Amino acid sequence: MLEIELDGKKVSVPEGSMVMHAADAAGTYIPHFCYHKKLSIAANCRMCLVDVEKAPKPMPACATPVTQGMVVRTKSEKAVVAQKSVMEFLLINHPLDCPICDQGGECQLQDLAVGYGGGASRYEEEKRVVFHKNVGPLISMEEMSRCIHCTRCVRFGQEVAGVMELGMQNRGEHSEITTFVGQTVDSELSGNMIDLCPVGALTSKPFRYSARTWELSRRKSVSPHDATGSNLIVQVKNHQVLRVVPLENEDVNECWLADRDRFSYEALNSEQRLTTPMIKQGGQWISVDWNTALGYVADGLKRVKAEFGASGIGALGSAHSTVEELHLLAKLVRGLGSDNIDHRLRHADFTAGQGVRWLGTSIAALSSLDRAFVVGSFLRKDHPLFAQRIRQAVRRGAQVFSLNAVHDDWAMPLSGTVTAAPADWAQALANVAGYVASAKGVAAPVTALVSTEAETVAQSLLSGQSSAILLGNAAAQHPQAATLLALANWIAAQTGATVGYLTEAANTVGAQLVGAQPAQGGLNAGQMLSQPMKALLLLNTEPVLDAADAAAARAALEGAGLVVALTSFKDAVVPNADVMLPIAPFTETAGSFVNAEGRVQSFHGVVQAKGDTRPAWKVLRVLGNLLGLPGFEQESVEEVRAEALGDVSTIPTRLNNGIALAVNLSAPMAGLQRVADVPIYSTDSLVRRATSLQLTRDAQTPVASLPPALWQQLGLTEGAKVRVSQGAASAVLAAREDATLAPNVVRVPAGHAVTATLGAMFGAIAVEAA
């Protein structure tokens with residue numbers, strides 16, 4: 001630690017710190033634009049000039065290292081004159097358009113101009129003009145004349161997002177921030193550039209001209225999308241959500257948000273919102289009141305139970321639903337005498353584990369790993385903020401390996417990749433286990449094959465001090481998911497690594513904690529979506545888009561008896577639905593999510609519910625009362641939460657990725673196999689209806705990706721189409737060649753209307769030129 005004097009106060013900071021860090025530690029504010037605690041130091045705005053004793057001129061606080069005994073004055077006449085001079089230069093070319101600027105009211109330049117700007121300008125020459133640029137549907141670069149060249153956006157792309165999509169061209173006052181040859185900004189983290197911009201150069205295109213910042217109410221919430229559980233500030237005007245920005249939490253999302261979390265709010269204001277209960281009569285939907293709708297559902301469930309028994313009743317809930325909603329859904333079904341309840345709609349292996357499956361470590365620990373082996377994950381698009389954490393670890397020297405059937409660009413250098421068809425993933429892990437066993441002098445759990453890639457992974461894991469084996473969405477949804485977990489656990493036990501699931505949704509861990517899956521031999525999601533049920537309750541899910549086998553799910557629903565959809569949208573993809581009950585999305589209800597690391601995060605509704613929309617937990621509670629079931633007397637969401645989770649302090653003891661399973665490898669699969677990812681903006685009902693997100697490159701119509709040998713065998717050229725078939729199910733898709741694919745694998749995304757006619761996400765597939 002070094003001690004310096006800052007404005008007359010003694011401050012101790014670690015060696016290597018800058019004066020700016022010392023000021024932060026002392027609670028002293030130094031004006032700045034280009035400095036940001038999460039980005040590298042550029043020292044190009046010069047606003048943070050301070051007076052350092054014995055220095056011949058003012059020094060930039062962000063780039064001046066502290067030395068023992070250094071004396072710094074941040075408010076001396078020398079410092080203030082320098083800061084005011086810099087401000088005058090920054091304002092020379094800045095347009096005087098504060099009254100119409102979206103940044104007005106929350107602008108660093110505006111704030112600092114009050115304290116450091118002159119009362120009048122001495123500049124009489126023409127101001128420069130920078131022409132606007134179209135960089136996509138999320139970021140507006142319409143007013144780039146406002147840019148002060150702090151380069152925060154450029155550094156964010158390079159260092160955090162991993163993709164340098166913006167850069168600076170030209171010199172002097174001709175400098176401008178732009179994309180490369182007119183390309184768009186397509187990073188899944190791009191919206192953070194809007195937050196980082198200290199002026200009104202980069203603004204939110206969906207929010208543009210919607211409201212002034214001082215008109216907005218700010219309320220805390222939690223993202224309902226991926227397993228990070230990002231903390232949000234939801235900004236509201238006239239009971240309408242108009243903007244979402246990050247709430248800083250170093251242990252969860254730091255100060256970042258994925259674009260999915262930031263822009264999905266558009267769906268909340270969609271014309272497709274369901275605002276009144278509806279019943280289908282004679283093939284036509286008619287609006288009814290709540291009493292009629294719930295009475296219809298209760299009578300239907302009683303009739304099904306009396307005629308076919310409770311085993312004919314089932315429920316499927318999305319893991320994007322809250323703890324309270326899933327708890328009451330499970331309680332309702334079990335109160336009727338059925339154990340047919342599940343949230344794992346995209347899974348193919350339902351083998352029970354020893355506890356609740358989770359990340360296996362803290363989210364913050366991902367940033368400090370020195371070895372990571374990621375199995376079956378489309379990491380960058382499935383978990384943008386987890387990918388960002390791992391990217392930071394790589395910048396510090398971590399080695400990251402990937403096992404998958406295809407290798408997307410994760411915007412970070414990988415130390416190695418293991419490419420195998422999905423049916424061969426277990427063997428690929430067994431190969432790693434074989435090399436680990438050989439190095440440790442122990443017996444391997446199963447026969448291993450020679451593989452240089454597997455040997456590299458094994459050696460890396462054995463040499464690591466802080467290692468993790470991370471199972472992605474595709475590993476969780478895999479037909480041999482239990483075998484993959486068992487092998488990962490064995491490797492981890494021998495190498496000292498942790499094992500964890502990145503987990504699919506905001507409340508995947510919470511859904512397991514509240515028992516939203518069969519416990520006493522009930523039907524799992526795969527079984528309920530492969531045979532017609534007599535009665536099916538659907539909470540916040542569109543089974544055809546959310547199921548592991550879309551074609552089977554559609555057939556099962558079309559043959560089902562009573563189908564009740566609790567949904568926020570009237571265009572929900574629920575074939576053969578009989579009743580649609582309008583439930584509140586996360587901004588209109590209170591509840592809790594449990595993220596991947598087992599952190600319980602509660603939130604309250606931030607706007608009034610639209611129309612006759614009601615919180616799903618209240619709907620389920622009233623339905624329980626109408627059915628005469630005990631235990632549905634809760635008056636508040638807090639009561640439901642306490643009942644659902646019990647003693648929250650015991651949750652860590654319930655998290656366990658262990659599995660008791662004898663590892664048996666299946667025989668190799670002949671022919672072509674499908675591997676399916678779920679595109680980032682097709683994961684749940686909210687993002688599917690967020691207009692701006694659906695205009696991005698990541699939301700383009702899915703294509704079938706083919707390995708080079710198959711591409712040539714079929715004689716395809718750019719722009720070609722192919723017919724992909726799985727049994728009787730088929731679809732015609734645009735095709736592209738992907739050299740990173742395993743030789744016998746075809747990549748066809750799931751979760752999208754275009755591919756919803758196909759079958760299982762993993763398994764045999766046939767391809768022919770269309």
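The rules behind these values
Residues numbered from 1 in each chain as written. Predicted model: local features only at pLDDT ≥ 70, side-chain atom pairs only at ≥ 80, totals over all residues. Heavy atoms only, no water. UniProt positions renumbered as here; feature names shortened; annotations may be inferred. Helix = DSSP H or I, 4+ residues; strand = E, 2+ residues; numbered from the N terminus. Phe/Tyr/Trp six-rings, centres within 6.5 Å; stacked < 30°, edge-to-face > 60°. Buried < 20%, exposed > 50% of the residue type's maximum accessible area, 1.4 Å probe, protein only. Core = buried A, V, L, I, M, F, W, Y, C linked by side-chain atoms within 4.5 Å. Contact = heavy atoms within 4.5 Å. Polar contact = N/O pair within 3.5 Å; in protein donor to acceptor, adjacent residues only side chain to side chain. Axes fitted to C-alpha atoms, helices over the stretch in contact; angles between N-to-C directions. Parallel < 35°, antiparallel > 145°, perpendicular 65-115°, else oblique. Left-handed = near helix turned anticlockwise from the far one by under 90°. Nonpolar A, V, L, I, M, F, W, Y, C, P; charged D, E, K, R; others polar. 1 Å grid on protein atoms, 1.4 Å probe; cavity = no way out; pocket = protein on both sides within 12 Å on 5 of 7 lines; lining within 4 Å. Points joined across faces, edges and corners; volume = space filled by probe spheres on them. Pairing = 2+ DSSP bridges. Salt bridge = Lys/Arg side-chain N within 4 Å of Asp/Glu carboxyl O. Expected span 1.5 Å × (residues − 1).

## Focus on the UniProt feature "domain: 4Fe-4S Mo/W bis-MGD-type" (unreviewed entry) in the protein
- UniProt tags residues 216-272 as "domain: 4Fe-4S Mo/W bis-MGD-type" (unreviewed entry).
- From the first C-alpha to the last, residues 216-272 spans 25 Å; its make-up is 9% helix and 35% strand.

## Topic: the packing of aromatic side chains
- Going through the model one piece at a time under the given rule, you end up with three aromatic pairs.
- Between the aromatic rings of Phe156 and Trp256, the centroid separation amounts to 5.1 Å while the plane-to-plane angle is 55°, which identifies the pairing as tilted. Here Trp256 lies in the loop between β13 (240-246) and α6 (259-263) and Phe156 lies in helix α4 (residues 152-161), a separation of 100 residues in the sequence.
- Accessibility expressed as a relative area gives 0% for Phe156, which makes it buried.

## A closer look at the nonpolar core
- Counting residues in each nonpolar core, the largest one holds 53 residues, and the members touching the most others are Phe373, Leu403, Ile469 and Ile491.
- Where this core is concerned, the elements lending two or more residues are β18 (371-375), β19 (399-404), α11 (425-440), α12 (452-463), β21 (467-471), α13 (473-476), α14 (481-495) and β22 (498-501).
- Beyond its immediate sequence surroundings of up to four residues, Ile491 is in contact with Leu429, Val432, Ala433, Val436, Leu461 and Ile469.
- Counting residues in hydrophobic clusters, the runner-up holds 52 residues, among them Trp290, Ala298, Ala315 and Ile341.

## Considering the environment of Glu643
- Topologically, Glu643 is positioned in helix α20 (residues 637-645).
- Assessed through its relative accessible area of 36%, Glu643 is described here as partly exposed.
- In this structure the C-alpha to C-alpha distance between Glu643 and Glu324, which are 319 residues apart in sequence, comes to 8.8 Å.
- Leaving out residues up to four positions away in the same chain, Glu643 has contacts with His327, Lys331, Gly631 and Gln634.
- A polar side-chain atom of Glu643 sits 3.3 Å from a polar atom in the side chain of Gln634.

## As for the UniProt feature "domain: 4Fe-4S His(Cys)3-ligated-type" (unreviewed entry) in the protein
- When the UniProt feature table is mapped onto this chain, "domain: 4Fe-4S His(Cys)3-ligated-type" (unreviewed entry) is found at residues 78-117.
- The span residues 78-117 carries 60% helix and 0% strand; its end-to-end C-alpha distance comes to 16 Å.

## Things to note about the packing of helix α7 (residues 290-308) against helix α19 (residues 616-626)
- Across the interface, α7 lies against α19 with an axial gap of 10 Å and an inter-helix angle of 55°. Here α19 runs oblique to α7, going by the angle between their axes. Crossing angle aside, the handedness with which α7 passes α19 is right-handed. Within the contact between the two elements, α7 uses Trp290, Leu294, Gly295, Val297, Ala298 and Lys302 and α19 uses Val619, Val622, Leu623 and Leu626.
- Here the contact of α7 with α19 is built from residues that sort into eight nonpolar, one polar and one charged.

## A word on the layout of surface pockets
- Within this model, the largest pocket holds a volume of roughly 960 Å³.
- Forming the boundary of the largest pocket are 33 residues, of which Lys381, Asp408, Arg697, Asp698 and Arg736 lie nearest the centre.
- No other element matches helix α9 (residues 379-382), which puts three residues into the lining of the largest pocket.
- Here the residues of the lining of the largest pocket sort into 11 nonpolar, eight polar and 14 charged.

## Focus on the sheet that holds strand β2 (residues 9-13)
- Spatial strand order, β2-β1-β5-β3-β4: five strands in an open sheet with mixed pairing. Taken across any chain shown, the strands that pair with only one partner, and hence form the sheet edges, are β2 and β4 (59-60).
- Examined bridge by bridge, strand β3 (residues 49-52) and β4 share two bridges and lie antiparallel to one another. The partner of Leu49 across the bridge, within β4, is Pro60.
- The strands that helix α1 (residues 19-26) touches are β1 (2-6), β2, β3 and β5 (71-73); relative to β2, the one it contacts most, it runs at about 115°.
- On the sheet, helix α2 (residues 77-92) packs against β3 and β5 and is oriented at approximately 160° with respect to β3.

## Some words on the packing of helix α8 (residues 323-335) against α20
- Taken N-terminus to C-terminus, the directions of α8 and α20 make an angle of 70°; their axes are 9 Å apart at the nearest point. In terms of orientation, α8 and α20 fall into the roughly perpendicular class. Once α8 is placed against α20, the crossing between them reads as left-handed. Touching Val323, Glu324, His327, Leu328 and Lys331 of α8 are Val637, Val640, Arg641, Glu643, Ala644 and Leu645, all from α20.
- When grouped by side-chain class, the residues that make up the contact of α8 with α20 number six nonpolar, one polar and four charged.

## With respect to the pattern of salt bridges
- Inspection of the entire model under this criterion finds 35 salt bridges.
- In this structure, the salt-bridge partner of Lys38 is Glu254, at a minimum N-O distance of 2.8 Å. Here the residue Lys38 occupies a position in the loop between α1 and β3, and Glu254 occupies one in the loop between β13 and α6, the gap between them amounting to 216 residues.
- Take Lys38: its relative accessible area is 24%, and that puts it in the partly exposed class.
- Classification of Glu254 as buried rests on a relative accessible area of 8%.
- Glu176 is the salt-bridge partner of Lys133, the closest N and O atoms lying 2.9 Å from each other. With Lys133 in strand β6 (residues 133-134) and Glu176 in strand β9 (residues 176-179), this pair connects stretches of sequence that are 43 residues apart.
- Take Lys133: its relative accessible area is 12%, and that puts it in the buried class.
- For Glu176, a relative accessible area of 19% translates into the label buried.
- Here the salt bridges share partners, and the residues they tie into one network are Arg346, Glu542, Asp546, Asp571, Arg688 and Arg689.

## Details of α7
- The end-to-end C-alpha separation of α7 is 27 Å, in line with the 27 Å expected for 19 residues at 1.5 Å each.
- Those residues of α7 lying buried are Trp290, Ala293, Leu294, Gly295, Val297, Ala298, Gly300, Leu301 and Val304.
- In this fold, the buried residues of α7 make contact with β14 (278-281), β16 (313-317), β23 (535-539), β24 (562-567), β25 (579-582) and α19.
- The N-capping residue of α7, defined by a side-chain oxygen 3.2 Å from the backbone nitrogen of Asn291, is Asp289.
- Looking one or two residues beyond α7, the residue adopting positive phi is Gly309, at roughly 90°.

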